[in-house]
Amino acid sequence: MEEIEFVSKRIVDRMELGEVTGIPYETAWFARAAYMEGWPMFHRCTDWLLRGQREDGSWGGSIPMVHDRVISTLSVLTALGGPRGGDGRGRVLQATAVKKAESFLWDAIPRLSLEKVDTIGFEVLFPALMDEAEEKGFSLPFHLVSPYRRLRERRLESIPPEDIYTGLSSLTNSLEGLAGDLDRERAASMPLVNGSVLSSPSATVFLAMATGREDAWKYVFRVRRASIDGGIPPQYPIDAFEKIWVIYNFLQANVPVEYTFPPHLDHLLSGMKERGISWTSWTRLADGDDTALALYVLREFHCPANPRALESYENEDYFICFPGEMNPSVSTNIHILHAVQRFYDYPRRDEVVDKIVRFLGKSIHGEGFWADKWHISPYYPTGHAVLALAPLGDSLVERPVGWLLSTQNPDGGWGFTKSTLEETSYALQALFSYEMETGEILDDGVLSAGMDFLMRNIGGEREELWVGKGLYTPTVVVDSLIVSVLYTGARRLGISSHEWMFSHTLNDVFLSGGTNPGGVVSPETSLATPGVADLAGFSGGLFRSGRPERGDGSEMQSGTPPTSPVGDNGIGRGER
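Residues numbered from 1 in each chain as written. Predicted model: local features only at pLDDT ≥ 70, side-chain atom pairs only at ≥ 80, totals over all residues. Heavy atoms only, no water.

### Re the overall build of the protein chain
To be explicit about the condition: Each helix is a run of H or I in the DSSP string that is no shorter than four residues. Each strand is a run of E no shorter than two, and both are numbered from the N terminus. With a 1.4 Å probe rolled over the protein chains alone, any residue whose accessible area is under 20% of its type maximum counts as buried; one over 50% counts as exposed, and the rest are partly exposed. Residue-level accessible areas treat just the shown protein chains as cover; the underlying method is Shrake-Rupley with a 1.4 Å probe.
Each helix and strand counted, the protein chain has 23 helices and four strands in total. Buried positions account for 63% of the 576 residues belonging to the protein chain. If you sum the accessible surface of the protein chain, you get close to 20600 Å²; carbon and sulfur atoms cover 50% of it.

Right, dumping it as structure tokens:
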């Protein structure tokens, strides 16, 4: 077990500003930034995109989520030009690549209404990108956009403009979707912490191009420098989210690395506001999901955190994640349920627990699982629901446990499209927790087969399962989940240290700072103080093989344009 404890400590050591994979949607917005002559300012972002077109003509994550593939492909097409693009960017896409992408969108856009989960801000971003694509002369099914345009109008009308331009609405995160509706005077004076719009790279580069704000451009260059190979993440930094979820995962397994947590707990405490905390300490907008699990982990270490921050998220029948959200988040309610159980003095504690359990009972699908808007896989909310429900002894927990046991794949893993390391870990984490809380012993064959799947595939890809403006992977969070499950499983099944034949692989995989090959943003900086106007040392991940990549000013000073190789209806899910 010493190997796993060592790797667990090193995973904690990797926590800084957040390690996240790059995604095409965000990277395309950076590819829009151009010299006056029209050539890409960040040519490595353009190269990253051109290498990433899939065989079917689309861009997006490895899991074929229609909303992700559509918004990603549209973002790339509109960024890199079109038949009437008229500038240097328009020349980097060959006609064959454009035709493949257009063909994909003709097939995929009609299927949007069949998918029940969409990406962040889709109802605002999609019609704006389609309007731009039409102006640039692409051949797409523009006649299908009308329902989304109406939804976009209703969404914009429902949010007070002052909330958007002060960063107190989740819609601010999708500022680039305002397009022609942007109030440039207000945008030019928006309060920005760390220079970003809610730590959103796409919204910030849009603001920088629209207003020329120097602080926004500084953030843009820092994010670009932090990218290993040109891919840009959906949110950055995600320091608070990463710390919360990593510590939460290790707590579920009782991995003995709690001595490494104090500086990270201090970081979370300093980032807590009246309404709680968000995915990063550098934003004014808090949310119910991060606040709930932050309170959970702080309570476990007897930190002076006030649980009454959760009261501001309570509605009549459930808890919200963000004010003004269009649909409730199941996982947010699950995490609040888990947190409230830790605070015996929480106001109306029993009433709140009953409310959330009733909500979960109404939200569960007939087969016994939950779906959520923050994660594409049902194994994430279902697994976490078992963690929260099992200590209550509520009979509702039996259905998701039965569903988990019945959906194991023949290869021993779990996954809604194929077996994955992350989804298998959620299933095993839940089943191990269920055993511990209830005393019921589950089938050793099921658990052993799941552990065997993890051990055989430990060095494999971490699929993009988390939902942002596109699908992404928070690599440190996922690694902490997998390692914590390995630790629990080894103890439960009596696996001794000498049986960990893959310990060398553990070191190779988990100590390297990420496993996904594309666009992992992996800063190598020390913690900065939350709330400062600038991100101290926000430039890690720039060096590989001892040689610095060209970035920031060095790319801008090039006098020669770089060359690039060419290489339930779902509508209205809305802002998170």
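### Focus on the nonpolar core
Cut-off, in case you're wondering: We call a set of buried residues a nonpolar core when its members are Ala, Val, Leu, Ile, Met, Phe, Trp, Tyr or Cys and they connect through side-chain atoms within 4.5 Å of each other. Only heavy atoms matter for contacts: two residues are in contact if any of them lie within 4.5 Å across the pair.
If you look at the biggest cluster of nonpolar residues, it comprises 177 residues, and the most contacted ones within it are Val70, Phe126, Leu175 and Leu360. Apart from residues lying up to four places away in sequence, leucine 360 is in contact with Val330, Ile334, Leu337, Trp370, Leu389 and Leu396. The next biggest cluster of nonpolar side chains, apart from the first, holds seven residues, and it includes Ile63, Val117, Val467 and Leu471.

### A few points about helix α16 (residues 349-363)
The condition is simple: For a helix, the expected span equals 1.5 Å multiplied by the number of residues minus one.
Here α16 contains 15 residues, and its C-alpha end-to-end distance of 21 Å stays within 8% of the 21 Å for a straight helix at 1.5 Å per residue. Listing the buried residues of α16 in full gives Arg349, Val352, Val353, Lys355, Ile356, Val357, Phe359 and Leu360. If you follow the buried residues of α16, they end up packed against α15 (330-340) and α17 (379-389).

### Re the environment of phenylalanine 221
Along the chain, the position of phenylalanine 221 falls in helix α11 (residues 214-226). Distance from phenylalanine 221 to phenylalanine 42, taken between C-alpha atoms, is 9.2 Å for residues 179 residues apart in sequence.

### Details of the environment of isoleucine 71
Within the secondary structure, isoleucine 71 sits in helix α4 (residues 66-80). Residue class for isoleucine 71 comes out buried when judged on its relative accessible area of 0%. For the pair isoleucine 71 and glycine 470, spaced 399 residues apart in the sequence, the C-alpha separation amounts to 7.5 Å. In contact with isoleucine 71, other than residues within four places in its own chain, are Tyr25, Thr119, Phe122, Leu125, Phe126, Leu129 and Lys469.

### Examining the environment of phenylalanine 343
Mapped onto the elements of the fold, phenylalanine 343 is located in the loop between α15 and α16. Phenylalanine 343 sits 36 residues away from proline 307 along the chain, and the two C-alpha atoms are 7.4 Å apart.

### Focus: the packing of aromatic side chains
Note the cut-off: Pairing of aromatic side chains requires ring centres within 6.5 Å, counting the rings of Phe and Tyr and the six-membered ring of Trp. Pairs whose planes differ by under 30 degrees are stacked, by over 60 edge-to-face, and all others tilted.
Counted under the stated rule, the structure contains 18 aromatic pairs. Judged by centre distance (4.6 Å) and plane angle (35 degrees), the ring pair of phenylalanine 241 and tryptophan 245 falls under tilted. Placement of both phenylalanine 241 and tryptophan 245 in helix α12 (residues 239-253) is noted, with a separation of four residues, approximately one turn of the helix. Exposure remark for phenylalanine 241: the relative accessible area of 8% places this residue in the buried category. The exposure class of tryptophan 245 is buried, given its relative accessible area of 2%.

Keep in mind these values describe shape, not function.
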